[in-house]
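Structural description and commentary
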2 protein chains.
Amino acid sequence: MVREEEKAVTAGRMEEKSITRVDGDLRELVGDQVVIEAPLTIYLNGSELVTLLCTPEKIDCLALGFLRSEGFVIAMDEVQALRPRPEEGLVEVELVDQKGLEEKLFGKRTITSGCGKGTIFYNVLDSLRSAPLTGKLKISAARVWELNGELQKKALLFKTTGGVHSAALADSEKLLYFHEDIGRHNAVDKIIGECLLNGTTTEDKALFTSGRLSSEILLKAAKLKIQLIVSRAAPTSLSVELAETLNITLIGFVRGRRMNIYSHPWRII
Amino acid sequence: MVREEEKAVTAGRMEEKSITRVDGDLRELVGDQVVIEAPLTIYLNGSELVTLLCTPEKIDCLALGFLRSEGFVIAMDEVQALRPRPEEGLVEVELVDQKGLEEKLFGKRTITSGCGKGTIFYNVLDSLRSAPLTGKLKISAARVWELNGELQKKALLFKTTGGVHSAALADSEKLLYFHEDIGRHNAVDKIIGECLLNGTTTEDKALFTSGRLSSEILLKAAKLKIQLIVSRAAPTSLSVELAETLNITLIGFVRGRRMNIYSHPWRII
């Protein structure tokens, strides 16, 4: 990709700051590109639900994905209206069925995460009771490396600012959706929201992420019945155990032509 | 540090999993060390407040630091009892003054973060109204590099598992406290909790972290009047702006003998 195209892709998502760069004894004032972080407030049925800190782009996808991950929404036909208002830093969501929401809001335990905005309203124990996935997706190791390389190539905001994570949904051929965000959870939620918006089936897809694989990332993907999760980073004990139980193939440390398969290696041929 | 000592430091914080390691056309079953992720529930005055996902170590520090960061506790004399119960994955905290807690719990907005468990009960706007720090700490660039090198040297759990962030409190001479955790927010909260427990003044100290510098990390440190925040990773626009306003020196991309100073470079001599 040429430099001009890079500029277009990263525009509005980063800004220049005057900084002091120190290199050994050398000290100079230079301009540096810093990723934009902004608050996004989600209103659900007219009430303020949560304020996320995020890369302010595709906020409709982020809001929807967040609501899906937290268990407020399962399918798009439950959503009556979705109104992103980027200038005001908010998204309004109206659900078709408004009864039962109060119970959802106050009946669930507050769960929050190691790193990642976390699942705030979701009960992790519910997820542990999820049924194992039955999908039989298979994909070659060479294709995993290729798709992961594509993820890295597309990560232009990361290349310029170093301050974001990326996530992508892929089929066995190519990356379908791609997002970058200051939060690794947000990046995955944007993918989830885009799938909902477009009615994309996820049971036969793979999730690629640049971030560490904690239990929360695994549970987000499990709710979408995603069979394969791939990262260049490390997993945790809990994510490996959940992947084993839920019949998900969990891959970490994908770099160059290497990878560690932590569970269900039969999907990688 | 010799191998035996490393084992002692990382014991109980990681466990071996059987994995399939793929390297080009080679495929082998090997053992791999994975960092342990476990839930920690904080009970405040007998009520369940929150469940964090964390590295289950120094859970008393984590609970205290979390309560400090979220605005439930300012000083140790507000804490009547602190009972870590690691086997059950919980910490019980009793406050001296129990009135007003309900208001705190339900009157505050739910704020959550890009990446990092985030400030769930804290109102970010309150923080923006914080008074700028007045401290005049100065430190040499050489010392910043040295302390950052020490942080990396101590990060044994990261070296073995790749799945954690580290944080340290330093004076102008040496690292005083050091923690690793699967969450970058947790690692910083453990530092904050340890300062509270030991009555350590923080106004004259620096915070070192391996994680990205989002606004939430900056605000956590600002509440402790920490004048200098250093990371090998990138800052966000909002953290740079807050650091500028609050008179905090924010340093990112510390690597070898390089660094980027994003605000108030006069503290680095």
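In this report, the structure presented in the accompanying data block is examined.

It is worth spelling out the relation of the copies chain A and chain B at this point. Laying chain A over chain B is done by rotating through 180° and shifting 0.0 Å along the axis; what remains is an RMSD of 0.0 Å. The two molecules are tied by a two-fold rotation axis, judged by turn and shift. When the interface residues of chain A are mapped onto chain B, 98% of them are again interface residues, pointing to one common binding face.

All names here are of chain A. Counting through the fold element by element, Q227 comes out in the loop between helix 8 (215–223) and strand 10 (228–231). Among the residues examined, Q227 registers a relative accessible area of 4% and is labelled buried. Sequence-distant contacts of Q227, defined by excluding residues within four places in its chain, comprise L133, G135, K136, L137, E203, D204, K205, I248, T249 and R267.

Where strand 1 (residues 14–23) of chain A and strand 12 (residues 258–261) of chain B come together, 4 bridges link them in antiparallel fashion. What sits directly across from D23 of chain A, in strand 12 of chain B, is R258 of chain B. Pairing analysis gives 3 bridges linking strand 11 (residues 249–255) of chain B to strand 12 of chain B, with the strands arranged antiparallel. Paired with G252 of chain B across the two strands is N260 of chain B, which belongs to strand 12 of chain B.

Residues and elements named next belong to chain B. As summarised here, the arrangement of the 4 strands in space is 4-3-6-5, forming an open sheet in which the pairing is mixed. Of all the strands in the sheet, the pair left with one neighbour each is strand 4 (47–54) and strand 5 (79–85). This sheet shows a mean twist of 15° between the axes of neighbouring strands, independent of strand direction. Pairing of strand 3 (residues 38–44) with strand 6 (residues 90–95), which is carried by 4 bridges, proceeds in the parallel orientation. Looking at the pairing, I42 lines up with V91 of strand 6.

Reading the values: rules and limits
- Residues numbered from 1 in each chain as written.
- Chains lettered and ligands numbered in written order.
- Predicted model: local features only at pLDDT ≥ 70, side-chain atom pairs only at ≥ 80, totals over all residues.
- Heavy atoms only, no water.
- Least-squares fit on C-alpha atoms with pLDDT ≥ 70 in both.
- Contact = heavy atoms within 4.5 Å.
- Helix = DSSP H or I, 4+ residues; strand = E, 2+ residues; numbered from the N terminus.
- Buried < 20%, exposed > 50% of the residue type's maximum accessible area, 1.4 Å probe, protein only.
- Pairing = 2+ DSSP bridges.
- Axes fitted to C-alpha atoms, helices over the stretch in contact; angles between N-to-C directions.

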